Structure formats: structure tokens, C-alpha cells
Amino acid sequence: MTPRIIIFILGALVVAASASAQFPAFDVDDFVAPGDGVMFVSRVGTGYVANLIDGYRPAEQNALFVHLANSLYWSNFQLDYKRSEVRGSEESGRAHVQSCRCTPPIYFPTPPPRDATPAAPLPGSRDTLQFSFYRRQSGIVLRTRATYERQAIDTTVTSITNGDVVAKLSGDEQTFGLDADLSFGHHLFGSLIVARTIRDGTTDDDAQTTIAYVARIPVVSLRRILLRPTITVAAVSGRGHAGLNVINPAIEAYWHDVNTGVNVHLIWSPQTTRDGVQSWRTKHQLAFFVDSAIFARLFGVLAAPAKD
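Residues numbered from 1 in each chain as written. Predicted model: local features only at pLDDT ≥ 70, side-chain atom pairs only at ≥ 80, totals over all residues. Heavy atoms only, no water.

1. Observations concerning the pairing of strand β16 (residues 263-273)
Here's step 1: The buried fraction of β16 is high, at 8 of 11 residues.
Here's step 2: Direction of pairing for strand β15 (residues 246-256) relative to β16: antiparallel, over a ladder of 8 bridges. Counted as the bridge partner of Y254 is H265 from β16.
Here's step 3: If you look at the hairpin formed by β15 and β16, you'll find 6 residues sitting between the two strands, and G261 has a positive phi there, around 80°. (Buried < 20%, exposed > 50% of the residue type's maximum accessible area, 1.4 Å probe, protein only. Helix = DSSP H or I, 4+ residues; strand = E, 2+ residues; numbered from the N terminus. Pairing = 2+ DSSP bridges.)

As C-alpha cells, then:
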């Protein structure tokens, strides 16, 4: 593989960083249309997130993470498998709750009421599978992508009176999503997102449907730093307020080191939500992380990169 092709691959991968707020901020959103070629890229990222937000739900803690993404591109298609290991500053992994000896059982801490914003699952391991299709509209390359995401949620339930283990639950949270890029001319871009998240087999089972639109504002260049602003508006079910209940502007500062191939990301994401218990409130998520391609292989002929 020639140095020129390698530079193109890495450059194409890093131009588009984290996408919709439905997914973690550290999920680098690779956007490549390889044309006639077949390409495989494996990349890894690690960093820190302050005030972690998961699926428009504040986790109420900070987290460290390692994120591995494997991507296969061919023709106008893309297949991704991603694995995230997230460790919270307060609690991660198996959840611990207490219950009384009553029927039905009452759990402590008590889950949020049905018209409140649901609690996010504890930081842990998460697997994501995505399938994308690239299409052209008026000379612009747009993408439609289907996502399946799963996080295992194990819970230990103990008696509030003597501390004995009452039950061990093995549940999970699954998300099925579809997002499609939209173009309203050469300077107005966005993505429409529809997702269904279901948490089952826990002491706090829940389900929510999300309809969101992410407006992608043109990138601003400050020397070697790219600033990528977005604005997300969303309606999320099960929060006591029908209609618009999430407003999430975000801005990412991105820098690529041409010598090492390392990408540096700093994302500020103030998310404002409302529910049936509280009026509008804002949580400020701040993510700092680095990522790099650890393996890249090109098979066949790569067509010239499409112009956005």
C-alpha cells in the first residue's frame, strides 16, 4: 500500500468525528465511500468523559473508556463492529440494589417515576453492530445506517434487613436505530434518527423511542484545528412530556497529527432536557480522547474520494 493511499484512508476516516448524540460521544463516526475498492480498518480510542450522558440520560458520573472499532468498506456499503469498555468514577459493572420482603418487591434505591428521565445503565461493556449504505444526491455523498447496540446489565439484589443475596439478575439494554443523512443544498446538511431502546431483566426495566434531527453546521478551520458544531433536537418517549424534550448543541475541536497518525478530540456537549418531574435542565458533557488506526488494509482499486 503506497503512502499516498494510506494518508487518504486515515484522512478520510478522521474528517467526520462523533455523530449523533444518541450514541456515545467517543464513538468516532467514520464516513468513507470507497467506490470500487474493498477496505478494512481497525482503530482504537481512549479518553475521559466528564458528566457522561448515555442515550439522552445523564449517568451522574465521570468515566474512562477504551473503544475499539473494526470497519469493512466495499462498493457503497460499510459494516462496523465496535466494542466499548467504560469504567465510571463511582460505580461500574454489576448493579447492587436492596429489596424488602414484600410482594411485589420494592427496590432501593427506588427507580425514577415513569414520567421522569430514566436512569442510565451503569458504565460497562457494550457491543455495537452497524450496517451503512452510501448514496449520491446532486453530487453529494449521503449515508443511511442501521445500528444494533447491546449492553449486558447484571444486578445483585440483597435483603434490606440482613444483607443476604435475594436474587441475581442477568438483563440487558438493547437499541435498534436507523439514521439517514439529509441534504437541503450544498451547505445545509443533517441526519434524521429513529431509535428504540429496551431495557429488560433488571429491577428498572424501561423502554424509550427517540426521534431526533442532527443539524450539521459547516466546519470552521483554525489553522490545523477543525471545529465541528452540531445542533440536535429530539423527542424521547416516556418522560411525561410529549413532543420536543431534548435540545443538544455540541462543538468538537479536532486535531490530526500527521507524523504519528493520532487524532485528538475535545467535545463540549451541553444537553438540555425536560420531563414530567422537572422543567428544562442542562447537563454539560465534556469528552477528551485520542484515537488512531492500528491496522488498515486496502484490497482492489480505490476510486477517487467523493467530494462533500
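Additional details are given in the paragraphs that follow.
2. Points about the side chain of N70
Here's step 1: In this structure, N70 sits in strand β4 (residues 63-74).
Here's step 2: At 2.7 Å, the side chain of N70 forms a polar contact with the side chain of S42.
Here's step 3: Residue contacts for N70: discarding those within four places in its chain leaves F40, V41, S42, L79, D80 and Y81. (Polar contact = N/O pair within 3.5 Å; in protein donor to acceptor, adjacent residues only side chain to side chain. Contact = heavy atoms within 4.5 Å.)

3. Considering the confidence of the model for the protein chain
Here's step 1: On average, residues of the protein chain carry a pLDDT of 86, and 87% of them reach 70 or more.
Here's step 2: At the low end of the mean pLDDT range in the protein chain sits helix α1 (residues 3-15), at 44; at the high end sits β16, at 95.
Here's step 3: Here residues 1-20 is a poorly scored stretch, pLDDT under 50, and it has 47 contacts once near neighbours within four places are set aside; other chains count.
Here's step 4: Segment residues 302-308 is flagged for pLDDT under 50; beyond a separation of four residues in sequence, or across chains, it makes 10 contacts in the model. (pLDDT = per-residue confidence, 0-100.)

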